[in-house]
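A structural walkthrough
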Amino acid sequence: MSNIVIIADARGGKVKRPTLEAVGAGVDLAAKASGQVIIVVVGNDLAPANDELKASGAHRVVAIESPALANYSGDGYAKAIMEVLPGLSAAAILMPHSAMGKDLMPRLSALLKTGMVSDATALHFEGGKFGATKPVHAGKAYLKTIAEQKPFMATLRANNFEARLGKVAAEVQASKPSFGADALKAIVTEVVAAANDRVPLQEAKVVVAGGRGLKAPEHFHLVEDLANAFGPGKAAVGASRAVVDAGWRPHREQVGQTGKVVAPTLYIACGISGAIQHLAGMRTARYIVAINKDAEAPIFKVADYGIVGDVFEVLPALTAAIAAAVKH
Amino acid sequence: MNIVVCVKRVPATDSKVRVAANGVSIDPAGVEYVINPFDEFAVEEALKIKEAAGAGSVTVVTLGAADAGKILRDTLAMGADKAVLLRDGGVPHDSYSTAECLAAYIKTVPHDIVFVGKQAVDNDNNQLGPRLAALLGLPCVSEAAKLTLQDRVFTAEREIEGAREVVRCPLPALISTQKGLNQPRYANLKGIMAAKKKPLEEIDAAKIAPATKVVSLTLPPERPPGKILGEGAAAVGKLVDALRNEAKIL
Ligand SMILES: Cc1cc2nc3c(=O)[nH]c(=O)nc-3n(C[C@H](O)[C@H](O)[C@H](O)COP(=O)(O)OP(=O)(O)OC[C@H]3O[C@@H](n4cnc5c(N)ncnc54)[C@H](O)[C@@H]3O)c2cc1C
Ligand SMILES: Nc1ncnc2c1ncn2[C@@H]1O[C@H](COP(=O)(O)O)[C@@H](O)[C@H]1O
């Protein structure tokens, strides 16, 4: 059997779209490799997560539950998953390239003595071998590799694979780890929620980003207002490194080579020049809009729709127009 | 306090990437190579911890070819005590084999803390920290953006989706460093002179084959050339129309 195992990111008991996208990618791969799709989910009080995972298109859900695993723990989750993996005949293991996926998958891969592709944007099954394509050099090039070891492992970039719902509910198999909290060395003591409830940058369908053209931190509300105009939970706010380094915005909002790489449907760059390191973080957006007062700014070379103008004039007008359009 | 820092030589972030004739790697012609930006945070944090402890040593290690010697000298000039070049013998390593080679070396030296950058900006793998931690049997915090060390226990903060995670992690431990952790120092003239006398050891890396094979390196399709809709607030109407009718976003 060549099963495809999906490790769910069910942080806080919630299953978000990137996990469902990974299941979707798994279903496609399983059809080619003629295997089943098995989801492994780790946490505590997993009933609501299981309900959602059951309907995601997988054949089976293995739910590892323990109070010791309520918060994410790299060593704990890896240990727990290593206990169930031998029974799953995994030919491939997939997970979203989320904060959890980035930390957990390399550990599993090291323990399984195999390779892994991180942040994959495409998966392949050719001549009986699994492979993947991923952006390298911050998206300036794409690297295609095939796996020489088993299992094949990959974390998947959000917004690149299609989530779909299953026709039949998967069977849920409950499991408990053999160890307790005392086996964990690094412990999460606190999870501090961000001050606002905006969608995380990398999951957002719309990103509105601001740069030095905003002139001062107190003007950034123009960028936030435009993001809000798209409606609740729709748009995230991003920033160029120049304004992050100046202390106007937190580092978590930085888009680019040394910040976050985003691939939303719509990216709106406001007062951002379009330096190569910034382009690296957003050039795969489906549509790019640029607002800059300099018609020669490099951002216009990649912008599907450019407006040459002053952000202080254009942003309020655009915010009003988007708010009106969203209402209809 | 014995600290090991892993660093990698990578193309500068403003480099233009061209594909070499072999079709699987970048053409190094005209590319400027630098220490991976995230590894500078790792070196700085190691130096700060050693200075605060008032004792110990910082060893910087890289797996690569002889040309990685320059970034090792640079870290010695920043203040590291010793550098080690693990000669890769021309093997094109992936994350699996890099971690195995580095772990094989680190196991032979005392290490209370191992620092790595969160990601090397060449292949953007973002794997080495947790991999190495698993191989060395160390607890690990990846992408640490804030660190305090007290009584041999780290309190670390890392960003997750929509929140911050606070992690308690006892030594020995492995930390991967995120931007925001510190402001890396520049080497001064005294440091540069001192670096010339510091040990830079070269040893052959363990012979381990990569687990993945590169099929191709390709450039992404060019985006269609940009289109300017107009000037000022007057162009907003056109933009909203385009978003609604062409892009179908609204
Ligand atoms: C190692 C390294 C890593 C880096 N990583 C990143 C990264 O991850 N992300 C990143 O963004 N950068 C990164 N950079 C920095 C990058 O090179 C640029 O310096 C940065 O992106 C510039 O930010 P900016 O566009 O906001 O500022 P600027 O380049 O100063 O551009 C400001 C723009 O605003 C326009 N403007 C001014 N006033 C107005 C107005 N009133 N209305 C409209 N437009 C106006 C100007 O015409 C100009 O185009 C990195 C650099 C290095 C060396
Ligand atoms: N060849 C190497 N030699 C030494 N350290 C490395 C090497 N490759 C990666 N690293 C370290 O691992 C970190 C993460 O790299 P990566 O997982 O390749 O993105 C880097 O920031 C370095 O600290």
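Our structure's up above, just so we're on the same page.
In this report, the structure presented in the accompanying data block is examined. Everything quoted here is computed from the prediction, not taken from an experiment. (Residues numbered from 1 in each chain as written. Chains lettered and ligands numbered in written order. Predicted model: local features only at pLDDT ≥ 70, side-chain atom pairs only at ≥ 80, totals over all residues. Heavy atoms only, no water.)

1. Comments concerning the pattern of salt bridges
Where we set the bar: When a carboxyl oxygen of Asp or Glu lies within 4 Å of a side-chain nitrogen of Lys or Arg, that pair is called a salt bridge. Helix numbers and strand numbers start at the N terminus; a helix is a DSSP run of H or I with at least 4 residues, a strand a run of E with at least 2. The classification of residues rests on relative accessible area computed with a 1.4 Å probe and restricted to protein chains. Under 20% of the type maximum is buried, over 50% is exposed, and intermediate values are partly exposed.
If you walk through the whole model with that rule in mind, you get 33 salt bridges over all chains. Close ionic contact of Asp51 of chain A with Lys54 of chain A constitutes a salt bridge, the shortest N to O distance being 3.3 Å. Of the two residues, Asp51 of chain A and Lys54 of chain A are both situated in helix α2 (residues 47-54); the distance of 3 residues between them amounts to about one turn of the helix. Judged by relative accessible area, which is 26%, Lys54 of chain A ranks as partly exposed. Beyond isolated ion pairs, a larger network of salt bridges with shared partners links Arg11 of chain A together with Arg158 and Glu165 of chain B.

2. Points about the sheet that holds strand β4 (residues 90-96) of chain A
Residues and elements named next belong to chain A. What counts here: Here a strand pair is declared whenever DSSP counts at least two bridges between the two strands. Axes here mean lines fitted to C-alpha atoms, for a helix over just the part in contact, with angles spanning 0 to 180 degrees between N-to-C directions. Any two residues whose heavy atoms approach within 4.5 Å at even a single point are treated as in contact.
Strand order in the open sheet formed by 7 strands is β5-β9-β4-β1-β2-β3-β10, with parallel pairing between adjacent strands. Among the strands making up the open sheet, the edge pair consists of β5 (117-120) and β10 (171-175). Strand-to-strand twist of the sheet, defined as the mean angle between neighbouring strand axes without regard to direction, takes the value 25°. Across the sheet, α2 touches β2 (37-43), β3 (60-65) and β10, and the angle it forms with β3 is around 165°.

3. With respect to helix α4 (residues 128-136) of chain B
Counting buried residues along α4 of chain B, 8 of its 9 residues qualify, which places the element largely inside the surrounding structure. Every buried residue of α4 of chain B is listed here: Leu128, Gly129, Pro130, Arg131, Leu132, Ala133, Leu135 and Leu136 of chain B. Buried positions along α4 of chain B lie against α4 (99-111) of chain A together with β1 (2-6), α3 (95-106), β6 (113-117), β7 (140-150) and β10 (173-177) of chain B. Looking at the residues trailing α4 of chain B, positive phi occurs at Gly137 of chain B, about 70°.

4. Here's the deal with helix α6 (residues 236-245) of chain B
Quick reminder: α-helices carry 3.6 residues per turn. Residues three or four places apart thus point the same way. Inclusion rule: The directions considered for the arc are those from the helix axis to the C-beta atoms.
Listed in full, the buried residues belonging to α6 of chain B are Val236, Leu239, Val240, Ala242 and Leu243 of chain B. Around the axis of α6 of chain B, the buried residues are gathered within 160° of arc, so they sit on the same side. Looking at the buried side of α6 of chain B, the elements it contacts are β14 (266-270), β15 (287-292), β16 (305-308) and α9 (311-327) of chain A together with β13 (228-231) of chain B.

Purely geometric numbers; function is a separate question.
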